[in-house]
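Residue strings, one per chain:
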Amino acid sequence: MEAPRQLRTVRTLATVRWIAIVWAAIQISTYYLPYPPGVFPWAVVAVGVLLVGNTGIWLALRRAEGAAASRRLALASVLVDGIAIVLLVFVYTFDPDTAIWAVLYIVPLGSAVLFLLRGALWTMAVITVLYAVREVYGYLAFDNELLPVSISFRMGVGFIIAAFAGAMASGLESRLRELRGLNRITQTVADERELHRALGAVTSELLSVFDVRSAAIGLIPPGSEAVSVMAESSVDAPDVPELPGLRFTVEGSPALQELVRDAAPVFLTGADDPRAGQEMAAVMRPGEGRGLLIVPLQVRSETIGAILLQAADPGREFKPNEVSLAETVAGQIAGAIQNARLFDEMVEYVEQVSRVTAAASAVESGTFTADSLDQVGRRSDALGQLARVFQAMAKEVAAREQRLRREVQQLRIEIDETRAARQVEEITESDYFQRLQQKIDELRIETGR
Amino acid sequence: MIISIHSFRGGTGKSNTTANVAAVLAAEGRHVAVVDTDVQSPGIHVLFGVDQDGIDGTLNDYLWNKRSIKDAAHDVTPKGLPGRVWLIPASIRPHDIARVMHEGYDVGLLNAGFRELIQELSLDALILDTHPGLGEETLLSIAMSNALAILLRPDQQDFEGTKVTVSVARKLRVPKMVLVVNNTPTMFDRDEVRGRVERAYDCEVAAVLPHSSEMMELSSGGIFALANPDHVLTGLYRQIARALVS
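Here is what the cut-offs are and how they apply
Residues numbered from 1 in each chain as written. Chains lettered and ligands numbered in written order. Predicted model: local features only at pLDDT ≥ 70, side-chain atom pairs only at ≥ 80, totals over all residues. Contact = placed C-beta atoms within 7 Å. Helix = DSSP H or I, 4+ residues; strand = E, 2+ residues; numbered from the N terminus. Nonpolar A, V, L, I, M, F, W, Y, C, P; charged D, E, K, R; others polar. Buried ≥ 20, exposed ≤ 12 C-beta atoms within 10 Å, placed from the backbone. Pairing = 2+ DSSP bridges. Axes fitted to C-alpha atoms, helices over the stretch in contact; angles between N-to-C directions. Parallel < 35°, antiparallel > 145°, perpendicular 65-115°, else oblique. pLDDT = per-residue confidence, 0-100.

Asker: Mind showing me how you'd approach the interface of chain B and chain A here?
Answerer: A common way to report how large an interface is uses the accessible area buried once the components associate. Taken together, the contacts link 25 residues of chain B with 23 residues of chain A. Elements represented by at least two residues in the side of chain B that touches chain A include exactly α5 (107-120), α6 (136-144), α7 (156-171) and α8 (190-201) of chain B. Per-element tally for the side of chain B that touches chain A: the top contributor is α7 of chain B, with eight residues. Looking at side-chain class alone, the side of chain B that touches chain A contains 16 nonpolar, three polar and six charged residues.

Okay, here's the thing in structure tokens:
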């Protein structure tokens, strides 16, 4: 992580240096006073140092790889700048003090950009030593006055610059690292459709983002009272226990109870922390004092699981910004889990709707079996109700059809012949019928039928 | 020729069968007139899309000597048919229904009207949509017919009444009589049903019509055979028409 960033910075500084070389060459060649004897060659040497140094760095950059190479190049970069600035400012001002101040202003800045806070402070320490040696040498060789306050004042200013610039660079860098990690996690969560694989990939990202020994994600399945570890990643260490598949009951761990109750991160100082509970303490290795940060996964103010981050170093605590980053990541994961659950639910819903549809066509084709809707019928929602009602209706229809079929098989046309004959007699013997018959006969004769 | 479509019980599909038989005959290029002799409860005009408010002249007007029978005949030929269909509707005005039931009408006049209509309109068939049961008007309609179709459903409720109707029709010496089994549940074996019905009544069964959800959906929205010319039901209506006009 560090090497690519350092190399990028070395390259940026080298590009700036090309401009500086041109600018310095113009400056020394257009100086408004005649140079004192021997000074101009030093000016040329200074530009030469910049030119040769920068060319060397530029060439080396092409094949630089790995942490050691990038550190060497960054160091070379600081050195070239230091030497060139001392020489250039000196030949331009003929004043060693100004040259020293220039170094104090510029070198810690470059060093902070390249090596962050710690590197900037180390650079200042080296400069302080060099400056102190120069002062002592002046005192011994030239009987100059030795003023410790002069050393402490000048170097103090340098340290202040180094501290500010270093802190700024370090802060930005760590923020950038977090953002990159977060970005990768977001991408992983978005790209991976299979929840288990997504969680696995996220735990591996968490390892590098938080620089921890192990990172795990546990879920509290709906209706369950325990955190089940679904995915875990850890640094290569033989003593790191395998977590996936483990269950930590909420009831058995005061820390998990706190997590669910307050929906806020919980930090355990180690296995000996009484809030860990027996199950959790068992996998945290007593006596090591490695802290465990537990961050809740929240969906609509319900805790559906947790991220568990175990510190790499004993005694390490998680800084507020790290905790807040972990909470952001937890939000992402919770969203992904919720999406996956909703997706699964939707797929299941669609599948069950198609079962009801299939049942409808089975009813039509006479192949319906009532138990084909048993599973859908167990749902507690509207679809379940629909399936149950459908099932009941289909059963009734089937029963009716069967009844009918039985009747068809024995379709009997039962006629009470005596009663029918009596009715026929009643009609045909009525006066009207007699008249009608007569009339009809007449009409038939009339029409020749 | 005069054809009566009849059933002992109401709601067996008389009007629908009448309208469809008329339509398939007209589709074959024949001239057909449909007379709603169900003067007590007229309804077939709905199937032909006739709004009685918009027409002048009903069977009642003819029977009361208000109009000639031809003036009561309305051309309701559906578009695109080579033949012609006329409808002589019965009045749906409550007053008219009450009057015709109370006073009755002249049998001779009705018969003469039918003859006149057949001649005037060069009809191939005059179809009578009758009132269910065996009332006097119905007996008259049956008596005047050359061919009679009696509808029944495969339901115990219909069996005995149909037996009585068949027997009475025989006494009236209707030249051609067929049975039509309507609204038969689809799971019934139609040939089996036909055989049983023919044996029970000793009468030809012109068709066994299956229950059709399409028909139920159409309800009184139009004439099924025209909307579904290739449907199995339409084929069966043709079969009934052939049996009646042969």
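Picking up where we left off.
Asker: Any chance you could explain the pairing of strand β5 (residues 125-129) of chain B here in plain terms?
Answerer: Successive side chains on a regular strand alternate, one facing one side of the sheet and the next facing the other. Residues and elements named next belong to chain B. The element β5 is extensively covered by neighbouring structure, given that five of its five residues are classed as buried. Burial along β5 is two-sided: Ala125, Ile127 and Asp129 and Leu126 and Leu128, pointing in opposite directions, are all buried. Summarising the sheet, strand β1 (residues 2-7) and β5 pair through four bridges and their orientation is parallel. Opposite Ile3, over in β5, you have Ile127 as the bridge partner. Strand direction decides the pairing type here: strand β2 (residues 31-36) and β5, joined by five bridges, are parallel. Each bridged residue has a counterpart across the sheet, and for Ala33 the counterpart in β5 is Leu126.

Asker: What am I meant to see in the sheet that holds β5 of chain B here?
Answerer: Neighbouring strands of a sheet are bound in pairs by backbone hydrogen bonds; such pairs are parallel or else antiparallel. All names here are of chain B. Strand order in the open sheet made by the eight strands is β3-β4-β2-β5-β1-β6-β7-β8, with mixed pairing throughout. Of all the strands in the sheet, just β3 (74-75) and β8 (204-210) have a single pairing partner and so form its edges. By the bridge criterion, six bridges tie strand β6 (residues 147-152) to strand β7 (residues 176-184) in an arrangement that is parallel. Within β7, the residue paired with Ala147 across the bridge is Lys176. Relative to the sheet, α7 contacts β1, β6 and β7, its axis offset from that of β6 by approximately 170°.

Asker: What exactly am I supposed to notice about the sheet that holds strand β1 (residues 212-219) of chain A here?
Answerer: Residues and elements named next belong to chain A. The strand order across the open sheet built from six strands is β3-β2-β1-β6-β5-β4, with neighbouring strands paired in antiparallel fashion. This sheet does not close on itself; its edge strands, each paired only once, are β3 (247-249) and β4 (266-268). Each strand of the sheet is rotated relative to its neighbour by a mean of 25°, with strand direction disregarded. Bridge analysis of β4 against strand β5 (residues 292-299) gives three bridges, and the strand direction is antiparallel. When the sheet's bridge partners are listed, Val266 is paired in β5 with Ile294. Each of β1, β5 and β6 (302-311) is contacted by helix α9 (residues 320-365), which is oriented at about 40° to β5, the strand it contacts most.

Asker: Honestly, the packing of helix α4 (residues 96-142) of chain A against helix α5 (residues 148-191) of chain A in this entry has me stumped. Any pointers?
Answerer: Each pair of packed helices gets described by two things: the angle between the helix axes and the distance between those axes. Residues and elements named next belong to chain A. The geometry of α4 relative to α5 is characterised by a closest axis approach of 9 Å and an angle of 170° between their N-to-C directions. Considering the angle they form, α4 stands roughly antiparallel to α5. When grouped by side-chain class, the residues that make up the contact of α4 with α5 number 25 nonpolar, six polar and three charged.

Asker: I'm lost on the confidence of the model for chain B in this one. Help?
Answerer: Caution is warranted with low-pLDDT regions, since their predicted coordinates should not be read in detail. Confidence along chain B averages 88 in pLDDT terms, with 100% of residues attaining 70 or more. This complex was scored by the predictor with a pTM of 0.47 and an ipTM of 0.85.

Asker: Help me understand the pairing of β1 of chain A in this model?
Answerer: Residue and element names in this part refer to chain A. Across the eight residues of β1, eight count as buried, placing the element largely inside the fold. Bridge count between β1 and β6: seven bridges; the pairing is antiparallel. Bridge pairing links Ala216 to Leu308 in β6. The pairing of β1 with strand β2 (residues 226-234) spans six bridges and is classified as antiparallel. Counterpart to Ile217 in the pairing with β2 is Ala231. Connecting β1 to the next strand, β2, in antiparallel fashion are six residues, including Gly223 with a positive phi near 85°.

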